[in-house]
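Listed below are the residues making up each chain.
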Amino acid sequence: MSGGEVAGILVAVFWAILVSFLAVALARLAQTLRATTKLVADVTDQAVPLLADAAGAVRSAQTQIDRVDAIASDVQEVTSNASALSTTVASTFGGPLVKVAAFGYGVRRAIGGRKDEAPAKASRRTVIVGRAVSRGRGKRD
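No experiment lies behind these values; they were computed from the predicted model shown.

A. A look at the overall build of the chain. Counting its secondary structure elements, the chain contains 1 helix and 2 strands. Counting helices and strands in the order they occur from the N terminus, the chain gives α-β-β. Residues counted as buried form 1% of the 141 residues belonging to the chain. Total accessible area computed for the chain in this model is approximately 12,600 Å², and 67% of it derives from carbon and sulfur atoms.

Next comes the structure, spelled out in structure tokens:
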């Protein structure tokens, strides 16, 4: 064998080893791609029902929000009606009641003034830490 033939055999063996390594690498890459494809298919199969459930939950939440909004507007209307009713009752009965009370006070004062022309002045007391002190003269009682 000549040197050229030996070099040719070495190059052929080198190429055979290189092709074997490339074949193993390509086989592993194909296996990884198959696993990735299966994983993506599984995720898609699980994600679609989850997205449908999420859409249903959002729709249900929107329905509940609409109901709460309707309730809040009804409560606001009831509040304004109660305020109007309170104002109406106060204006209708408030003035006459004040007049009746003033009249009753005047009648009591007039009747009380006839019985006793000079009513005795009641002493007013202020309580300071457990003792009574007269306001008028500064005497202790």
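Here the narrative resumes, following the displayed structure.
B. Seen up close, the packing of aromatic side chains. Scanning the model with the defined rule gives 1 aromatic pair in all. The interplanar angle of 70° and the centroid separation of 6.3 Å between the aromatic rings of Phe-14 and Trp-15 together place this pair among those described as edge-to-face.

C. A look at the pattern of salt bridges. This structure, assessed with the given rule, holds 1 salt bridge. Linking Asp-42 and Lys-38 is a salt bridge whose minimum nitrogen-to-oxygen distance equals 3.8 Å. Taken together, the residues span about one helical turn, with Asp-42 and Lys-38 both in helix H1 (residues 3–115) at a distance of 4 residues. Residue class for Asp-42 comes out partly exposed when judged on its relative accessible area of 34%. According to the relative accessible area criterion, Lys-38 is exposed, its value standing at 56%.

D. Highlighting the confidence of the model for the chain. A residue-level look at the chain finds 80% of positions with pLDDT of 70 or above and a mean pLDDT of 84. H1 holds the highest mean pLDDT among the elements of the chain, 91, whereas strand E2 (residues 131–134) holds the lowest, 56.

E. Structural context of the environment of Ser-91. Relative to the helices and strands, Ser-91 is located in helix H1. Ser-91 sits in the exposed class, given a relative accessible area of 54%. At 3.0 Å, the side chain of Ser-91 and the backbone oxygen of Thr-88 are in polar contact.

F. Inspection of a nonpolar patch on the surface at higher detail. Side chains of Met-1, Val-6, Ile-9, Leu-10, Val-13, Ile-17 and Phe-21 sit close together on the surface and give an oily, nonpolar patch of about 740 Å² of accessible area. Within the element layout of this structure, Ile-9 appears in helix H1. With a relative accessible area of 44%, Ile-9 lands in the partly exposed category.

So, how was this worked out
- Residues numbered from 1 in each chain as written.
- Predicted model: local features only at pLDDT ≥ 70, side-chain atom pairs only at ≥ 80, totals over all residues.
- Heavy atoms only, no water.
- Helix = DSSP H or I, 4+ residues; strand = E, 2+ residues; numbered from the N terminus.
- Buried < 20%, exposed > 50% of the residue type's maximum accessible area, 1.4 Å probe, protein only.
- Areas by Shrake-Rupley, 256 points an atom, 1.4 Å probe, with all protein chains shown as cover.
- Phe/Tyr/Trp six-rings, centres within 6.5 Å; stacked < 30°, edge-to-face > 60°.
- Salt bridge = Lys/Arg side-chain N within 4 Å of Asp/Glu carboxyl O.
- pLDDT = per-residue confidence, 0-100.
- Polar contact = N/O pair within 3.5 Å; in protein donor to acceptor, adjacent residues only side chain to side chain.
- Patch = residues over 30% accessible without salt bridge, like charges linked within 9 Å, V, L, I, M, F, W, Y side chains within 5 Å.

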